[in-house]
Every structure is written in C-alpha cells, then in structure tokens.
Amino acid sequence: MDRVRWERDADVLAARVVVPDHVVSRAFVDQSVALNLRTSRYYSLNVTASRMLEVLAQSDTPAEAVTALSAELGEPQTVIERSLAGLCRELAERGLIELRDAGEG
Amino acid sequence: MPARAERSAAAPWRSRAFGLELEGSFPAPGLPPLPPDRVTSLRGAARPAPAAPLTRLELVEPRTIDQAWPDSGARRLLAEDLGQGLERTIDHHPEIGYRLFARGFGLALVSPDGRLVRCAPPDLAPWRWQRFLVGRVLPWAAILSGLEAFHAGAVAVGGKAIALVGPSGAGKTSLVARLVLAGAGFLTDDVLALDRASDGALRAHPGASVVGLRAAELEQLSAAERERLGTLLGNDDKAYLSLARSHEAVPLGAVYFLTTGERAGGSIEPLPAPDPRILMASTFVLTLATPDRLQNLLDVCAEIASSVPAHRVRVEPGTDARALAARLDAHARALLS
C-alpha cells in the first residue's frame, strides 16, 4: 500500500474499497478470520472490525459506510470516520483490501 | 517369516481410513478390510464404485522412489532435526507429488492428488513400519484429497463422533481407550479426518484401527480390560493394539479440547466461542499451505465453531483416566441425546 497516498483520513474515506478475489473470510462466534490466499496468512478481526469490513464491502466508499456504522454502533460519525480510516489502512497493509482512487477501474 | 517376505503375503484388499477408500495387497494390521460383499474380485472383475476417493497403496523398493524423484524442481517443506540427524523430511515437486521420509520408518511418495501412495519401508514387521503410513502418510493423502485432519482421538457415542483434541501427552489415547471400554465405538486414536456431507454437516471418518498406549496407561487396565480392548500387535515406545471399528463415517457431534497442567483437573466447561486460532492450530498437518488446503481448513474450522458444541476438559497430572472418561461419557451422552 502507498502509505503516503493514503495518509489522510479524508482520502481514505473517499477511496473505492475493493476486497480482492484472493481474500476469503469466515465468521466465527465472536470474530471473523480473513485468509489472504496469496500470502497464506490468516488474520483475526474482532466483532467490530468484522462488521466494519462487512459494511465496507457493501458500500461504494468508506464514507458511505460511516453513516450506517455510526447508527449501528451508536458512535458519533467523527469517531467512526477515524476508526474506519485506520482500519482500512491496516487491512490494505495486509492485502485484505485494496484502496483505489474513486473512478479508478 | 522375515518381514520382507511377510509384506507380499496378502491377498488384495480394500479398506477405509481417514475418509479414503484404500486399495492394497500387503498385510496392513491397522487397515481392516471391507467385508467381502463390498468388494468383488480385484483381479479385473467389476468393482462397486468406492464411497470415497480411491487411494492405491503400493510397496516398492527405495530406489523406485529415488528414481522417480527429480534432481531439480523440488522444494523442502519440512526438515525435523532433533540433534541426531534428520528425523523427518517432506519435499514437494509440483508434478511428482510429495516425498515423505521418517528415520527408522522409510520413505513414501504421495501423488499430487493423494490417489497413489508408494511406500518403501525398512525390513520391519508391518505393524511397526505402518506407524508411519497411518500416522503421517495417509493423513497427508487425506488432506490432498480434500479432507481436513485434526490432532484428535475420537469415539462414536449414540451414532455421533466426539472428538478429543489436544497435543501429544494430553491424554487422548487414555480417554479413547476408557471410552471404548465403556461401550463407545472406536473411531481413531491420534488423527481425525473430517469433511462435509452434501448438506454441509461435518462428518468424522474412522482412522487406523490401532491405538498406541504408554506403558503407564496399559498398566492401569486390568487383564480383562486389555483383552476386551483389542489385540496386542507389538511393543515399541508404546504398546500398539488393534481395535475393532466400523468403516463408516458419522456426524461430528461434539469437540472436547483437552488442556493440561491446570488446576481443577477433570472439569468440563462449555466453550461457546472456541478460539479460531486454537481450532486451526489443532490441525495435524501444518506444512501443507496450498490455497485450497488453507481455505478448506478455514471452512471446516468455521463450521465446527458454528455448529458443533465445544467444551474444554482440564486435565492435570495424575488425573484418574477411568473416572474422567466416565464423566466425559455421561456428559457426551447427555449432550447428544
């Protein structure tokens, strides 16, 4: 991931998020596990991160996911924005999502 | 009869273990043959379609495996050295398959899809060298065939499997033996193969029909219990007994994780949210990391977590295996009723 490109939360929230085909995840009781088939690494996501990833996958941009998550988790949008942007950077670092400029194919 | 001559002195047979339909023609005490009505002549006559992927087992000379193994293109997956030279190695070649070696037990070559296994054992009695075959090679072939293998013993209670998961020394074999003596059906001692039926439910497959009991565990059984349990094949680091078992898979009904060295030994506690790391680390084979295998492991573990009741059993040193097995038996029967 280009850390400089995605340094600002606003840029991350405006990005298009893609979950690559080589990433699979499965739900467990109180967490989920994501598997990057290219690196052969498993990652554990807690309940909140799992739900965030789920909503992200259904949204065009992280910003779109913020509204839904804020209502669901009962947190102010500013808090969700910071958490979500941070999560996106971590997931991208591990190859579990890809951050692309809006409009990029 | 010398071990080498004894190897070829057997009619062709078919068996089932670890979810594989096996075909061979050498004495295999840990792989009970399917009843004759299930297998017509293996000499050219039509056979019933196997219930599972057919894996052929062949005995060969070491040079056969050496000659089949290419000089280049292979990658070492495992090299286990305990200070006295290599104990075990596993090598992979994408076209030839997997070459497994265990010091004192010989070589095996497993085809990439797990359907052909060639063994080149040393000059030992079948029960002895086949510890490698049933303890390492066939579980590997099972995983290549799409099953998943866990480090677990298992018995059948009320038509369902209860799995006892834990590392070596946790007490799996003691409990399996005691549960069998209490009337449970023996499934497997050390490696439990799982897959999913067409409806997605997890199935537990019988393993080898052999248990390896430590001397201390054997001494705790009466002579009558030993006789009821099974037939002694031989003594090595453990006493190896052949047990009767069914050929059929059963639904996985419960999982008990054995944890050792803790207080409150003998307690059985529910695990409503089994840690996926513990589930996944309970796999018997850590070194096979193909994408298909890793995803299958994840799928099976997620299915266990969501659909199979799990409990933790605390076992402390000196725990009375007989008493613990009785409690476990009662607990499992109540759970599965």
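Use the structure listed above.
Position labels on residues start from 1 in each chain and follow its written sequence. Lettering for chains starts from A, numbering for ligands starts from 1, and both go in the order in which the items are written. For this predicted model, a pLDDT threshold of at least 70 governs which residues receive local features, and a threshold of 80 or more governs which side-chain atom pairs are given and counted, while totals over whole chains, interfaces and linings are taken from all residues. The basis for the side-chain values is all heavy atoms of the structure; hydrogens and waters are excluded.

With respect to the packing of aromatic side chains
Residue and element names in this part refer to chain B. Each pair of aromatic rings taken from Phe, Tyr and Trp, with Trp reduced to its six-membered ring, is defined by centres within 6.5 Å and is described as stacked if the planes are under 30 degrees apart, edge-to-face if over 60, and tilted in the remaining cases. Following the criterion strictly, the structure yields 4 aromatic pairs over all chains and no others. Considering the side-chain rings of Trp-13 and Phe-26, the 5.8 Å spacing of their centres and the 80° angle between planes classify their relative orientation as edge-to-face. Here Trp-13, found in strand β1 (residues 13-17), pairs with Phe-26, found in the loop between β2 (20-24) and β3 (54-59); they are 13 residues apart in sequence, far enough to count as distant. Accessibility expressed as a relative area gives 9% for Trp-13, which makes it buried. A 1.4 Å probe rolled over the protein chains alone gives each residue an accessible area, and that area as a share of the maximum for its type sets the label: buried under 20%, exposed over 50%, partly exposed in between. Given the relative accessible area of 3%, Phe-26 is considered buried. Relative to Tyr-240, the ring of Trp-127 has its centre 5.6 Å away and its plane inclined at 35°; by these criteria the two rings are tilted. Segments assigned H or I by DSSP are reported as helices when at least four residues long, segments assigned E as strands when at least two residues long, and all are numbered from the N terminus.

Notes on the packing of helix α2 (residues 47-58) of chain A against helix α3 (residues 62-73) of chain A
All names here are of chain A. The convention used is that axes are lines fitted to C-alpha atoms, helices contributing only their stretch in contact, and that angles between N-to-C directions extend from 0 to 180 degrees. Contact geometry of α2 with α3 gives a least axis separation of 9 Å together with a crossing angle of 135°. Taken together, the axis directions place α2 and α3 in an arrangement best described as oblique. Where α2 crosses over α3, the handedness of that crossing is right-handed. The segment α2 lies against α3, with Thr-48, Arg-51, Met-52, Val-55, Leu-56 and Gln-58 engaging Pro-62, Glu-64, Ala-65, Ala-68, Leu-69, Glu-72 and Leu-73. In what follows, roughly perpendicular refers to angles from 65 to 115 degrees, roughly parallel to angles under 35, roughly antiparallel to angles over 145, and oblique to any angle outside these ranges. Should the near helix be turned anticlockwise from the far one by less than a right angle, the crossing is termed left-handed; should it be turned clockwise, right-handed. A contact between two residues is defined here by any heavy atoms of the two lying within 4.5 Å.

Some words on the side chain of Ser-209 of chain B
Along the chain, Ser-209 of chain B turns up in the loop between β13 (202-205) and β14 (210-213). In this structure, Ser-209 of chain B is in contact with Pro-29, Gly-30, Leu-31, Pro-32, Phe-186, Leu-241, Ser-242, Leu-243 and Arg-245 of chain B, ignoring residues within four places of it in sequence.

Brief notes about the sheet that holds strand β8 (residues 116-120) of chain B
Residues and elements named next belong to chain B. Read across the sheet, 8 strands follow the order β1-β2-β3-β8-β7-β6-β5-β4 without closing on themselves; strand pairing throughout is mixed. Both edges of this open sheet fall to β1 and β4 (75-81), since each of them pairs with a single strand only. Direction aside, the axes of adjacent strands within the sheet are offset by 20° on average. In this analysis, strands are considered paired if DSSP registers two or more bridges between them. Both β4 and strand β5 (residues 86-93) contribute to a ladder of 6 bridges, which runs antiparallel. Looking at the pairing, Arg-75 lines up with His-92 of β5. Helix α3 (residues 126-144) rests against β2, β3, β4, β5, β6 (97-102), β7 (106-110) and β8 of the sheet, and its axis sits at about 155° to β6.

Section: the interface of chain A and chain B
Counting from both sides, the interface comprises 12 residues of chain A and, opposite them, 16 residues of chain B. The buried area of a pairing is the accessible area, by a 1.4 Å probe, that goes missing from both parts when the two are put together, added over both. Summed over both partners, the interface of chain A with chain B buries about 1,300 Å², with 72% contributed by carbon and sulfur atoms. It is Arg-26, Phe-28 and Tyr-42 of chain A that lose the most area in chain A upon contact with chain B, and together they represent 44% of the buried surface on that side. When a carboxyl oxygen of Asp or Glu is within 4 Å of a side-chain nitrogen of Lys or Arg, the pair counts as a salt bridge. At the boundary of chain A and chain B, one finds 1 salt bridge. Salt-bridge contacts for Asp-299 of chain B lead to Arg-26 of chain A; the nearest nitrogen and oxygen are separated by 2.5 Å. Residues adjacent in sequence count toward polar contacts only when both atoms are side-chain atoms; beyond that, a polar contact is any pair of N or O atoms within 3.5 Å, and within protein one must be able to donate a hydrogen and the other to accept it. In this assembly, chain A and chain B are joined by 2 residue pairs in polar contact (both at pLDDT 80 or more).

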